[in-house]
Structures are given as C-alpha cells and as structure tokens.
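Overview (structure and organization)
Given next are the chains, with one letter for each unit.
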Amino acid sequence: MARMSFLSFLLFCLTSVAHGNKANKHKPWIETEYQGIVMENDNTVLLNPPLFALDKDAPLHYAGEICGFRVHNGPGGSGSAQFEAVVLDRSTGEGLVRSKEPLDCESQKEHSFTIQAYDCGEGPDGTNSKKSHKATVHVRVNDVNEFSPVFVERRYEASVPEGRLFDRIVRVEAVDADCSPQYSQICFYDIITPNVPFTIDNDGNIKNTEPLDSKRQRVHSFWVTAFDCGKNRAQADAQVIVTVKPSCKPGWIGWTKRTEYTPGSGSIPLFPNLHLEACEETVWNIQATVELQTGHIGKGCDRDSYSDRSVRRLCGAVRGEVDLLPPPSPATNWTTVLPTLPSSDSSLVFSFNGSTHVAVVPDSVASAVSGDHFTLQLWMRRGGASTQPLANQARGTRKEEETIICSTVKNDDSYSHYSLSVHGCRLSLFYWPDVSAARPVKFLWKLEQVCDSEWHHLSLSVQFPSVTLYVDGVTFDPALIHDNGAIPNPAPHQRLVIGACWEPEEKPRDIVNNTMLESKETGKFVSGYKGLLSGVTVRPGNVEPHSVVECLYACREGLDFGDLETLGSGMKVHVNPSQSVLVLEGDDIESFNRAVQQVTYRNSLRFATPGVRPLKLTTSLRCFSEESCLSLRQLEGYLVVLQPDAPQISLSGVGPHLARPAAEFEGPQGVPLFPELRIVCSLSHAVNTAAQGMEGGALMSDAVAHTLDGCEVQPLGEELNPEREELLIDMEALKERGLDIINTTAYIAITGAESISVYEDVLRSIRYRLAKGSARFERRFRLSCSEMNGRYTSNELTVEVNFLHSLDSLYHPSHLLASQQQFLHPSHHTGELSGHTLPNPHRNSVVPGAATVIIMVCVGFLVVMVILGVFRIRSIHRRGEGARGGSKEGSNQWDDSALTIIVNPMETYENRMGIATDMEGECDDEEETPPPDATEPISHTHTLKHHPLI
C-alpha cells in the first residue's frame with residue numbers, strides 16, 4: 001500500500017511539472033485508518049501502515065512538502081492529551097506517533113484518536129496551507145510482566161476424615177495484576193515444603209497422595225507458591241493446614257451386643273451409650289425400631305409361672321370356668337388321645353394334626369356351658385411346631401377352613417350351635433341361636449396374629465347379638481355377616497368337639513311293622529385344626545371385664561420408655577400391646593440420641609425365666625438429598641436374663657416323731673399330722689409399686705412371689721388302706737379358698753396359688769384317722785410344697801407316727817404279737833420319745849414304774865451270771881492243780897452241762913405280768929467288763945443275752 005501511495009505521489013508531481021503549475025493546489029493525502037502498538041515501557045507507537053503524508057504539489061517547495069500532523073481526540077476522549085505526531089521528513093511526508101507520557105496497560109489497554117496532515121503552503125509562513133482528511137488511529141498498549149502473582153488468601157485450612165484418598169481437599173488461588181493474558185494468568189503452582197503427602201495441580205487443587213492417619217499425624221502444615229506465565233513467582237507464599245479427623249462411619253456408635261439383666265432389677269436401659277453419627281449429613285427424619293424377640297419364652301413372653309387356673313384367680317376373674325382341655329386323668333379321659341408338648345411355663349400344650357387329633361368333650365361337661373352368654377378363652381399357635389408364618393406357606397394356595405371348637409348344646413327346649421374357625425388369616429365365629437329356627441350369624445375378623453405362627457391369647461365374649469374379641473389384650477371389632485345361603489342345619493344333638501367339627505351322615509331308617517326305627521348316628525370329623533392349643537376354658541354367664549382380660553394376657557417383660565417428660569420436641573414413641581416392639585421417630589439427631597438412651601427393658605417377675613432374648617435395631621433415615629442419604633445396617637444383639645436366686649422354702653415346726661395313744665387315732669377326728677407346721681421363704685420381696693399403677697397390675701405384683709401353688713402329703717411305704725386308715729381334710733375350707741385337691745390312697749395334692757399363711761392353715765388341719773382295732777406301731781408321712789407351678793420346691797418334711805398301746809390292750813390275744821414287735825423294734829426305744837409332749841397318763845397307760853422293775857430284774861440277772869462265771873473259773877483252777885499231767889485241751893474245755901439247766905429268770909416274771917419288753921440297750925449300759933482270762937465264758941454270756949426272751 002505504501003508503494004502504491006508513493007507511485008501515486010510521483011505521478012502527481014510529474015503531472016504538476018508538465019502543466020507548469022507552481023501554486024498549492026492539492027491537499028495532503030494519508031491513509032484513512034492506522035493500527036498502532038505501543039509498549040508500556042516505550043512511548044513510540046508502531047503504526048501499520050507507517051505514517052506517510054503525500055502531496056500532489058511535490059516537488060514544489062513548500063506546496064509539496066508536509067509541515068506537520070495534528071492529533072484530535074477520538075471517541076474515547078483520548079488523543080491530543082496523551083499522543084502527538086511529528087514529521088520526520090518534510091519532503092517524503094514520513095511521520096511518527098508517540099505518547100507524551102508512559103502508558104499503563106492495566107489502566108487502559110487501547111486508545112483511539114484521529115490524525116490529520118497539513119502541508120507547508122505557498123511560502124515559509126505557510127500561506128494557503130492545505131489539510132488532509134482525518135485518519136483514525138487505534139493504539140493497543142502491549143503489557144509488560146511487571147506484576148507478580150498474589151494469593152487470594154494467606155492461609156488455607158481444611159478438615160478431612162482419615163483413611164481415604166480424595167480428588168480435592170482444598171483449592172488455593174493466586175491472581176496477577178498484569179493486563180495481558182500472557183502475564184496475568186497463573187501457569188502453575190508448587191508445594192515448596194518437602195516430604196508432604198500432598199500434591200497440587202495447575203489449577204491449585206490440593207489432594208493427598210496416600211491415606212491419612214489421624215493417629216500418626218493429626219495436622220499437616222505446608223507452604224505453596226504460584227508462577228504466572230512469565231515465570232514470575234508469587235510475592236508471598238501461602239500456608240495450607242489440613243486437619244485429619246478420625247474416620248467418620250455413619251451409623252450407631254456405642255452399640256453393646258450383649259446386655260445382662262439380673263432378675264429383680266426392675267427396668268434397665270438397653271442402650272445407655274448409644275448415639276447416631278450422621279457424618280454431617282443433613283437428616284430431616286429418623287425412625288428406629290427396637291424389636292425384642294420373646295416368642296421362645298413360654299407363650300410369647302415371660303409371664304407368671306402359674307397354672308392358668310391360678311392366674312385366673314390372681315387376676316380376679318369370675319369363677320365358674322370349665323376347662324375343656326384338662327390334664328389327662330381317669331376322670332378327664334377325653335384328652336388322653338391328644339399328644340402333648342413340653343412348655344417352658346409348665347402349662348399343658350396339646351397338639352392337633354388336623355385329622356386324627358380330636359377331643360370330644362363329654363355331654364356332662366358340655367351341658368354345663370350352655371347358653372348364649374359365655375366367655376371362651378384359649379391360647380393358640382397355628383402350624384404346630386413350625387416357625388414359618390402361615391401367611392408365607394399359604395401364598396398362592398387356598399387353605400381349608402380349620403375348626404378350633406365346635407359346640408352344639410341344649411338350651412331348655414332348643415339347641416344352639418357355634419363354631420370358632422380360622423381360614424387363612426381370618427378368624428370367624430359361626431353362631432346359630434336356634435338350629436331349628438333362627439338363621440346363622442357369622443362374625444369375621446381379619447387378623448395377622450392368626451397366621452404368624454406365634455402364640456396368641458384369644459378371649460371371645462359372647463352376649464348375643466353382641467360379640468367382643470380380645471387378641472393379646474387388644475379389642476378387635478368384627479364385620480357382621482348374615483349368611484342366608486343354603487347352609488344345612490346342624491343336627492339337634494348335644495356335642496362339643498375341640499379340633500374339628502362333627503358332620504353326621506344321613507342314612508335311610510329301617511321300617512319294621514310300619515314303624516321307623518331309630519338308627520345310630522354316624523358321621524365324620526371335618527375341618528380339622530392344625531396347631532397348638534392350651535388353656536381352653538369356657539365360663540357361662542356374664543363376660544369378663546377388660547381389665548381381667550388384660551391381666552390374663554399381660555407380659556411381665558417387655559420394652560418401655562424411661563421418662564416421657566424428657567422426650568424432646570418432635571419426638572414420638574410407640575409401643576405395641578405385647579411390648580415387644582418399640583418405635584422412635586424424630587427429626588433432630590441430638591434429641592433422637594437422648595431418646596434412644598431412654599429405651600429400657602423391664603421384667604416385673606422376681607423369678608424371671610432365664611435365657612437369651614434376641615434384640616434388633618432397625619434404622620431408616622430421610623435426607624434432603626435422597627441420592628446421598630445414608631443407609632444404616634440392622635444391628636443385632638441379645639439380652640441375657642440371668643438365673644434368679646432360687647427361693648428356699650423351708651418346712652419346719654414338726655418333729656420327726658408324733659407319738660399319741662392309739663385311742664386318739666381311732667377317734668372320730670383323728671390326730672393332726674402337722675399341728676405346729678411353719679412355712680418360711682428365705683427371700684423377702686419388696687412390692688413393686690410401679691406395677692400397681694398399671695391396670696390389673698396390682699394383682700400381679702412381686703407379692704405373688706410369696707405364693708405357694710401346691711403341697712403334697714404322701715404316705716411312705718405302702719399306700720393307705722381305705723378300710724383301716726384315712727387322711728381327713730376340711731373340703732369346705734378348701735372350696736372357700738379356691739384350692740383344688742386330689743385325694744388318693746397314694747397321696748393328697750392341694751393345688752392353687754395362695755399365700756403361705758393359707759397353706760399353713762390348710763396343712764395343719766390335715767388329720768390321720770384309724771379304724772377301730774387297726775392300730776399299728778408306726779406310719780410315716782412326707783410333706784413337700786412348691787412355688788411357681790413346681791419350679792421351686794421345698795425340703796421334704798418326714799413325720800413318723802407312733803401309736804402308744806395301753807397295758808390292758810396287751811392282754812388281749814389280738815394285741816400280744818403286736819406288743820412284742822413294738823418292744824423288739826429298734827426305732828421305738830423310750831429315749832426316742834424324749835422331746836415330745838405326751839398326753840396326760842390315765843390308769844391304763846404304761847408308767848415309768850414298770851420299766852424300772854424290768855431294769856432291776858435285768859441287772860440282777862447279770863449279777864447272777866457274773867457270779868456263776870467266777871465260781872466256774874475257780875473250780876477249773878482247782879481241778880488243774882490236782883491233775884497236772886492232764887492235757888491242756890482237756891483242762892481248758894468248757895463244760896456246757898452246767899449251763900443247760902439255766903432257766904430264764906424273766907420268764908416267770910413275764911408270765912406273771914403278761915408283758916414283754918426289749919431292754920437290750922439298757923442292759924448294755926450296766927454290763928461289767930470281765931477279767932481277761934474269762935473271755936470265753938463271757939462270750940457265752942453275751943450269746944445268752946441275745947436270747948429271744950431277754
């Protein structure tokens with residue numbers, strides 16, 4: 001472009017010469033736009049294209065020369081103040097643009113202004129000077145790397161958990177004040193502290209090169225620097241501090257897998273040190289479910305270890321219930337066909353297989369439970385010994401109906417019918433007020449408890465047309481259905497069946513002499529029940545109150561919450577009726593942690609059932625960010641109930657011997673066996689006032705621990721002979737106290753939960769009576785008592801009854817042999833009667849004077865025998881001196897002929913007195929020690945002592 005401009009200028013000059021024009025006729029010419037560059041450390045602007053002004057009047061002097069340039073302000077307002085243009089060559093028009101003062105790129109990177117050239121005119125004074133057009137000049141200020149990087153922060157801090165590698169822990173940042181991208185950008189960073197487990201990239205991101213360990217080094221401190229692209233280093237380095245936190249694992253901290261419970265401790269916290277760690281995750285809802293598994297303890301949990309009958313009494317239930325599944329016995333033989341299973345709570349559990357296991361209750365028992373007002377109670381567990389829920393077993397298949405109880409009873413002139421059945425997870429009561437007229441009514445309940453293969457207590461109160469169902473102490477309302485379908489009427493025959501329902505078969509009757517004969521009813525059992533039953537009772541009349549039903553079911557162990565008043569805001573607590581599941585819900589972690597530590601286990605039984613109770617803690621969290629919300633695993637542990645201290649039940653106050661005249665035993669009232677009996681329990685229990693605050697709880701407090709539930713009196717040796725002897729007891733007193741008795745010839749068993757004082761009164765009233773002329777010389781009885789349905793037993797108290805016979809009775813031939821046996825028996829020495837208070841002696845009693853005479857006679861006999869022995873020894877010595885040559889054997893030979901004529905001196909006395917006695921022990925005390933050389937005679941004397949008549 002410059003070359004073309006120069007050529008144009010030459011052409012212009014030649015044209016002017018050719019025409020011979022010497023005047024200033026033309027304006028100078030310049031480019032219309034220039035691009036300029038200037039460095040910050042220089043004031044010369046390098047233009048592109050170079051600045052040349054051309055004039056067509058050249059080479060005329062003055063008119064063809066360029067005298068200068070004028071700078072005008074541009075759009076930005078800069079120009080004349082900051083820049084100037086000078087002429088370097090007037091003839092060629094070359095010019096130069098420069099800044100008047102140093103420029104700052106950081107203040108203004110670009111400048112724009114206009115420039116105009118003017119010639120020298122027609123003379124030295126510049127007359128008739130002409131100006132060119134205005135050209136725009138754009139000047140860019142080039143940057144110089146005059147600034148160093150500066151960190152935004154002098155100190156950077158970060159905290160990270162240990163044991164992990166991070167993509168970025170912290171980011172450092174430095175800036176450069178230079179205006180150009182070349183010098184204002186940070187090209188790279190560097191860690192200047194050696195031997196640190198960190199690295200930094202060109203963007204300033206710092207990460208660790210190895211997992212950090214808080215135990216080895218808790219805080220890491222190091223320095224970093226920055227470089228711009230002009231390799232200028234930062235003015236000041238930055239410090240980085242990284243704190244290593246112990247690894248944060250989201251979940252429960254402080255979980256104890258094993259927790260021990262000592263019986264009698266009341267309530268103990270299960271999780272005293274437990275707290276939830278969310279690792280800074282923002283949580284808006286927390287729900288924790290604590291589950292205590294007690295299904296293997298008795299019937300679902302630890303209850304009072306008494307029989308169902310005793311528990312009913314303790315709960316204040318109305319008497320009059322009829323046990324439809326009693327223990328098998330000759331009187332209750334309809335349960336003998338049913339198999340039984342062991343139970344940890346000592347109750348009787350019957351098993352039904354759905355086909356052959358059926359109990360048909362006798363009509364005499366069924367008639368006692370007739371009427372349309374009754375209460376049916378039972379324990380049930382479906383599926384037998386299987387623990388798999390029936391809801392899972394039956395999925396996809398249709399289960400048949402199973403009948404628990406089916407009853408047709410006579411009410412005055414009509415028959416009513418009802419049946420309790422289960423079908424899948426439904427419980428139904430089919431009730432027919434009158435099988436001949438009224439239509440049936442079906443009450444239906446849908447219950448998960450029916451098909452979960454766990455023990456449950458059912459109480460069905462019928463006050464037709466009102467029916468109330470309690471399952472585990474909770475009321476459930478039925479759906480009332482009037483069944484108008486074609487249902488055949490039940491047969492009007494009284495029948496009560498447990499485990500199935502009887503379905504009669506209709507057969508044609510025989511006709512003889514135009515008379516229809518009655519045929520024997522035939523049929524089969526249908527809708528068999530498969531599962532376990534226990535404690536099936538029916539009580540006719542008014543229904544049980546709700547408090548009694550709760551008491552009958554009440555678990556003595558379970559989950560509880562310590563203090564509801566300390567529950568934080570937004571917290572909720574829910575406990576199921578069996579107290580085996582507790583649910584906590586809240587939105588604040590701190591409040592939730594305090595609430596979890598208030599969850600307790602309680603067991604109000606002083607003699608709790610020992611064993612393991614599994615524990616589970618399930619937690620669900622809801623976070624604002626559902627994608628990153630924590631998922632906590634289920635915690636499992638167990639609670640160990642330790643073995644309780646066994647109570648020591650002590651029976652005392654009765655000596656080992658009870659001696660009375662035989663006439664007293666033959667009296668109409670007999671003789672009390674345990675007149676001064678004392679029963680003491682070695683453990684003393686404080687009354688649990690907290691339990692009394694619950695509905696029905698006062699009846700089941702720790703005071704029940706002082707209660708006996710059975711005592712047994714058993715004759716040792718042969719059983720009682722009803723024709724000769726019997727044990728008497730006040731049956732009316734037993735009935736008033738609600739105690740039961742089994743009286744056989746082998747034992748007497750008194751059962752029922754009652755206080756120790758009541759059992760003392762009852763046992764003291766037991767009397768032993770003999771028939772006339774049946775007196776013996778001894779009879780032994782054993783007494784034992786038990787507590788907690790036989791779980792703890794007392795010591796065995798043995799009493800030996802001794803019959804004292806009068807002297808007059810010994811003269812009677814029928815008593816002579818018995819009298820001899822009495823005195824010969826070693827257990828009837830007079831010394832054994834010491835310590836007993838004998839009745840006042842009458843004129844026919846055995847007196848101490850007779851015994852004294854016998855002793856004196858025995859002593860006299862011994863003296864005679866000793867004298868006789870001494871006399872015999874002396875005679876032997878005399879014969880030895882007269883015959884020295886005799887053999888030693890002959891001299892020492894004992895002459896038995898002298899003793900053959902000895903007559904028992906007591907024989908005459910016994911015949912005169914008509915009495916026989918055995919005083920061997922007394923005679924032994926009076927025996928003297930013979931001389932050493934009289935051993936052989938004394939041995940014969942000893943042999944004579946054991947003569948049957950001595």
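Residues numbered from 1 in each chain as written. Predicted model: local features only at pLDDT ≥ 70, side-chain atom pairs only at ≥ 80, totals over all residues. Heavy atoms only, no water.

Per an unreviewed UniProt entry, the protein carries the name Calsyntenin-3 and comes from Cyprinus carpio carpio. The Sequence similarities (unreviewed entry) field of the UniProt record for the protein holds the comment "Belongs to the calsyntenin family." (UniProt positions renumbered as here; feature names shortened; annotations may be inferred.)

A few points about the overall build of the protein
The number of helices and strands found in the protein is 18 helices and 58 strands. Looking at the 950 residues of the protein, the share that counts as buried comes to 41%. If you sum the accessible surface of the protein, you get close to 50100 Å²; carbon and sulfur atoms cover 51% of it. (Helix = DSSP H or I, 4+ residues; strand = E, 2+ residues; numbered from the N terminus. Buried < 20%, exposed > 50% of the residue type's maximum accessible area, 1.4 Å probe, protein only. Areas by Shrake-Rupley, 256 points an atom, 1.4 Å probe, with all protein chains shown as cover.)

Overview of the pattern of salt bridges
Following the criterion strictly, the structure yields 13 salt bridges and no others. With its nearest N and O atoms 3.0 Å apart, the salt bridge here joins Glu 557 to Arg 613. In this pair, Glu 557 sits in strand S41 (residues 557–561) while Arg 613 sits in strand S45 (residues 611–623), placing the two residues 56 residues apart along the sequence. Like Glu 557, the residue Arg 613 is buried in the burial classification. Two residues, Arg 769 and Glu 726, come together in a salt bridge whose shortest N-O distance is 2.2 Å. With Arg 769 in strand S55 (residues 767–770) and Glu 726 in strand S52 (residues 725–728), this residue pair connects regions lying 43 residues apart in the sequence. A relative accessible area of 29% means that Glu 726 is categorised as partly exposed. (Salt bridge = Lys/Arg side-chain N within 4 Å of Asp/Glu carboxyl O.)

Concerning the sheet that holds strand S43 (residues 581–586)
Reading across the sheet, the 6 strands line up as S18-S46-S45-S21-S43-S42 and stay open at both edges, with mixed pairing between neighbours. Each end of this open sheet is capped by a strand with a single partner; those strands are strand S18 (258–261) and strand S42 (572–575). On average, each strand axis in the sheet is inclined to that of its neighbour by 20°, with strand direction left out of account. Taken together, the 4 bridges between S42 and S43 define a ladder with antiparallel strand orientation. Each bridged residue has a counterpart across the sheet, and for His 574 the counterpart in S43 is Val 583. Running at roughly 160° to S43, helix H7 (residues 589–596) makes contact with strand S21 (283–292) and S43 of the sheet. (Pairing = 2+ DSSP bridges. Axes fitted to C-alpha atoms, helices over the stretch in contact; angles between N-to-C directions. Contact = heavy atoms within 4.5 Å.)

Description of the confidence of the model for the protein
Of all residues in the protein, 75% have pLDDT values of 70 or greater, and the mean over the chain is 76. Below pLDDT 50 for its whole length, residues 684–705 participates in 39 contacts with residues either more than four positions away or in separate chains. (pLDDT = per-residue confidence, 0-100.)

Digging into the nonpolar core
Counting 41 residues, the largest nonpolar core has Leu 324, Ile 498 and Leu 533 as the members making the most contacts within it. Per-element accounting of this core gives the leading share, 4 residues, to strand S26 (residues 373–382). Excluding its chain neighbours within four sequence positions, the residues that come into contact with Leu 324 are Trp 334, Thr 335, Val 361, Val 365, Ile 405, Leu 496, Ile 498, Val 536 and Val 538. Within the second largest apolar cluster, 38 residues are counted, among which are Ile 649, Leu 720, Leu 734 and Cys 785. (Core = buried A, V, L, I, M, F, W, Y, C linked by side-chain atoms within 4.5 Å.)

With respect to the state of the cysteines
Applying the stated criterion to the full structure yields 6 disulfides. The disulfide partner of Cys 187 is Cys 229, and the S-S distance across this bridge is 1.9 Å. With the S-S dihedral at roughly 115°, the linkage between Cys 187 and Cys 229 falls on the right-handed side. Linking Cys 187 in strand S12 (residues 186–191) with Cys 229 in the loop between strand S15 (219–228) and strand S16 (238–245), this pair joins segments that are 42 residues apart in sequence. Since its relative accessible area comes to 30%, Cys 187 is described here as partly exposed. Between the sulfur of Cys 711 and that of Cys 785 lies a disulfide, 2.0 Å long from S to S. (Disulfide = S-S within 2.5 Å.)

Re the side chain of Thr 225
Among the secondary structure elements, Thr 225 is positioned in strand S15. With a relative accessible area of 1%, Thr 225 lands in the buried category. At 3.3 Å, the side chain of Thr 225 forms a polar contact with the side chain of Arg 233. Thr 225 has contacts with Phe 151, Tyr 189, Asp 190, Ile 192, Arg 233, Ala 234 and Asp 237, leaving out every residue within four places of it along the chain. (Polar contact = N/O pair within 3.5 Å; in protein donor to acceptor, adjacent residues only side chain to side chain.)

Let's talk about H7
What H7 keeps buried is the set Ser 591, Phe 592, Asn 593, Ala 595 and Val 596. Looking at the packing, one finds that the buried side of H7 touches strand S17 (251–253), strand S20 (275–277), S21, S41, S43 and strand S44 (599–603). Its side-chain oxygen placed 3.3 Å from the backbone nitrogen of Glu 590, Asp 588 serves as the N-cap of H7.

Observations concerning the sheet that holds S55
As summarised here, the arrangement of the 3 strands in space is S49-S55-S52, forming an open sheet in which the pairing is antiparallel. Unpaired on one side and paired on the other, strand S49 (671–672) and S52 mark the two borders of the sheet. Summarising the sheet, S52 and S55 pair through 4 bridges and their orientation is antiparallel. In the strand pairing of S55, Glu 726 is matched with Arg 769.

Considerations on the pairing of S43
Note: S21 against S43, 6 bridges, orientation antiparallel. Across the sheet, Glu 291 pairs through a bridge with Val 581, a residue of S43. In textbook terms, the turn of a hairpin is the stretch between consecutive antiparallel strands, and for S42 and S43 this stretch comprises 5 residues, one of which, Gln 579, has a positive phi near 55°.

Observations regarding the side chain of Arg 613
Given a relative accessible area of 0%, Arg 613 falls into the buried group. At 3.0 Å, the side chain of Arg 613 forms a polar contact with the side chain of Glu 557. Within the structure, Arg 613 has its side chain in polar contact with the backbone oxygen of Thr 609 (distance 2.8 Å). Leaving out residues up to four positions away in the same chain, Arg 613 has contacts with Leu 292, Gln 293, Thr 294, His 296, Ile 297, Asp 302, Glu 557, Tyr 601, Asn 603, Tyr 638, Leu 639 and Val 641.

A word on the packing of aromatic side chains
This structure, assessed with the given rule, holds 15 aromatic pairs. An angle of 75° between the planes, with centres 4.7 Å apart, marks the rings of Phe 665 and Phe 803 as edge-to-face. Residue Phe 665 is located in helix H8 (residues 662–665), and its partner Phe 803 is located in strand S58 (residues 797–804); the two are separated by 138 residues in the primary sequence. Of the two residues, Phe 665 and Phe 803, both sit in the buried class. When the ring of Tyr 768 is compared with that of Phe 781, the centres are 5.0 Å apart and the planes differ by 65°; the resulting orientation is edge-to-face. Within this pair, whereas Tyr 768 is found in strand S55, its partner Phe 781 is found in strand S56 (residues 778–787), the two being separated by 13 residues in sequence. (Phe/Tyr/Trp six-rings, centres within 6.5 Å; stacked < 30°, edge-to-face > 60°.)

Observations regarding the pairing of strand S31 (residues 456–463)
Sheet faces and side chains relate simply in a regular strand, where the side chains alternate between the two faces. Most of S31 sits out of view: 7 of its 8 residues are buried. Sheet analysis places S31 next to strand S32 (residues 466–471), joined by 6 bridges and oriented antiparallel. By the bridge assignment for S32, Leu 458 is matched with Val 471. Following S31, the chain reverses through 2 residues before pairing antiparallel with S32.

Here we look at a nonpolar patch on the surface
A cluster of nonpolar side chains, contributed by Ile 37, Met 39 and Leu 46, occupies part of the molecular surface with about 260 Å² of accessible area. Exposure remark for Ile 37: the relative accessible area of 31% places this residue in the partly exposed category. (Patch = residues over 30% accessible without salt bridge, like charges linked within 9 Å, V, L, I, M, F, W, Y side chains within 5 Å.)

A word on the environment of Asn 721
Looking at the element boundaries, Asn 721 is found in the loop between strand S51 (707–715) and S52. Judged by relative accessible area, Asn 721 falls into the partly exposed class, the value being 29%. Linking Asn 721 and Ala 746, residues 25 residues apart in sequence, is a C-alpha distance of 9.7 Å.

Remarks on unusual backbone geometry
With an omega of 0°, the peptide bond running from Asn 48 to Pro 49 counts as cis. As for its position among the elements, Pro 49 is in the loop between strand S2 (44–48) and strand S3 (66–73). Here Asn 195, not a glycine, exhibits a phi torsion of approximately 60°, which is positive. Overall, the relative accessible area of 80% leaves Asn 195 in the exposed class.

A closer look at the environment of Gln 235
Relative to the assigned elements, Gln 235 resides in the loop between S15 and S16. Sequence separation between Gln 235 and Val 150 is 85 residues; the distance between their C-alpha atoms is 6.1 Å. For Gln 235, the contacting residues outside a window of four places in its chain are Ser 148, Pro 149 and Val 150.

Quick look at the environment of Val 358
Its location among the elements puts Val 358 in the loop between strand S24 (349–353) and strand S25 (359–361). Exposure remark for Val 358: the relative accessible area of 10% places this residue in the buried category. Taking the C-alpha atoms as reference points, Val 358 and Val 337, 21 residues apart in sequence, are found 7.7 Å from one another. Dropping the residues within four chain positions of it, Val 358 is found in contact with Val 337, Leu 338, Val 497, Ile 498, Ala 500 and Phe 525.

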